[in-house]
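What follows is each chain in one-letter form.
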Amino acid sequence: MPTFVHTEKCDGCTGRDVAACAYICPTDLMALDTGRMKAFNQEPEQCWECQCCVKACPRQAIEVRAYQDVVPMGGATIPLRTDQAIVWTIKFRDGEVKRFEFPVRTTPVGSIDPYADKPAPGSLDDERLFTEAGQSLPTI
Ligand code: SF4
Ligand code: SF4
């Protein structure tokens, strides 16, 4: 079941370079109505419930209506992503609410240089990947 937007919470990511949900959706489903400055899922039947947009929305304006075999009618699973953790709020059908918090990283945000110990890019004519620099090509 697809995402839907609580329009009273969505501010269209005003003041940001892009609408976070439209930027993050791997299948380009989330779009921004620039007239109303409200986001919407422009192709709901294609949504695979990956929850990326839900976690990225700074205003918690997006919700996934999960399949009934995972979340029975009346329940909800709501993620809240911060720099260091993700918190899942589980609402049961009887009204009970539980929260689970999981750390998502062990280092400060922005502290990792993924290319720090990698060689500089080589020639585009070289068949080797840049991580294979120095290795000889296999002979056929
Ligand atoms: Fe796109 Fe995933 Fe959000 Fe669906 S749940 S709209 S696929 S980001
Ligand atoms: Fe609206 Fe949230 Fe999308 Fe920003 S990320 S446009 S606040 S739904």
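Residues numbered from 1 in each chain as written. Chains lettered and ligands numbered in written order. Predicted model: local features only at pLDDT ≥ 70, side-chain atom pairs only at ≥ 80, totals over all residues. Heavy atoms only, no water.

Chemist: I would appreciate a short explanation of the overall build of the protein in the present structure.
Modeler: The helix and strand tally for the protein stands at two helices and seven strands. The linear arrangement of helices and strands in the protein, starting from the amino end, is β-α-β-β-α-β-β-β-β. A globule of 140 residues ought to have a C-alpha radius of gyration of about 14 Å, yet the protein, at 21 Å, is considerably larger. Along the longest, intermediate and shortest principal axes, the C-alpha atoms of the protein span 65 × 40 × 35 Å. (Helix = DSSP H or I, 4+ residues; strand = E, 2+ residues; numbered from the N terminus. Rg over C-alpha atoms; globule rule 2.2 N^0.38 Å.)

Chemist: Would you explain the site of ligand 2 in this entry?
Modeler: In the region of ligand 2, the neighbouring residues are Cys10, Asp11, Gly12, Cys13, Ala19, Ala20, Cys21, Ala39, Cys57, Pro58 and Ile62. When the residues that make up the shell around ligand 2 are grouped by side-chain class, the tally is nine nonpolar, one polar and one charged. (Near = heavy atom within 4 Å. Nonpolar A, V, L, I, M, F, W, Y, C, P; charged D, E, K, R; others polar.)

Chemist: I tried to follow the pairing of strand E3 (residues 38–41) on my own but got confused; where do I start?
Modeler: Residues in a regular strand point their side chains to alternate faces of the sheet. Sheet topology places strand E2 (residues 30–33) next to E3; four bridges connect them, and they run antiparallel. Residue pairing for E3: Met30 is matched across the bridge by Asn41. The antiparallel hairpin formed by E2 and E3 contains four residues in its connecting segment, where Met37 sits at a positive phi of about 55°. (Pairing = 2+ DSSP bridges.)

Chemist: Honestly, the environment of Cys21 in this entry has me stumped. Any pointers?
Modeler: Along the chain, the position of Cys21 falls in helix H1 (residues 20–24). Owing to a relative accessible area of 6%, Cys21 belongs among the buried residues under this scheme. C-alpha separation for the pair Cys21 and Pro58, spaced 37 residues apart in sequence, amounts to 9.2 Å. Here Cys21 is in contact with Met30, Ala39, Cys53 and Ile62, once residues within four sequence places are set aside. (Buried < 20%, exposed > 50% of the residue type's maximum accessible area, 1.4 Å probe, protein only. Contact = heavy atoms within 4.5 Å.)

Chemist: Is there a simple way to explain the sheet that holds strand E7 (residues 97–103) in this structure?
Modeler: Either a parallel or an antiparallel arrangement is found when strands of a sheet pair, and the pairing is made through backbone hydrogen bonds. An order of E5-E6-E7 is seen for the three strands of this open sheet, with the pairing classed as antiparallel. Looking at strand neighbours, the two that pair on one side only are strand E5 (76–81) and E7, the edges of this open sheet. Shown here is a sheet whose adjacent strand axes are inclined to one another by a mean of 20°, direction ignored. Looking at chain direction, E5 and strand E6 (residues 85–91) are connected through six bridges and run antiparallel. Counted as the bridge partner of Ile78 is Thr89 from E6. (Axes fitted to C-alpha atoms, helices over the stretch in contact; angles between N-to-C directions.)

Chemist: Sorry if this is basic, but what is going on with the nonpolar core here?
Modeler: When a protein is soluble and globular, its nonpolar side chains tend to lie buried together. Val5, Cys21, Met30, Ala39, Cys53 and Ile62 are the most contacted members of the largest nonpolar core, which totals 17 residues. Within the residue set of this core, elements represented by two or more residues are H1, helix H2 (52–56) and strand E4 (62–64). Ile62 has contacts with Thr3, Phe4, Val5, Cys21, Met30, Cys53, Val54 and Cys57, leaving out every residue within four places of it along the chain. (Core = buried A, V, L, I, M, F, W, Y, C linked by side-chain atoms within 4.5 Å.)

Chemist: Could you clarify how one ought to interpret unusual backbone geometry in this entry?
Modeler: With the exception of glycine, most residues fall at negative phi, and the peptide bonds are largely trans. One non-glycine residue, Gln51, adopts positive backbone phi at about 75°. With respect to the helices, strands and loops of the structure, Gln51 is situated in the loop between E3 and H2. Non-glycine residue Gln60 carries a positive phi angle of around 50°. Note on placement: Gln60 falls in the loop between H2 and E4. For Gln60, a relative accessible area of 35% puts it in the partly exposed group.

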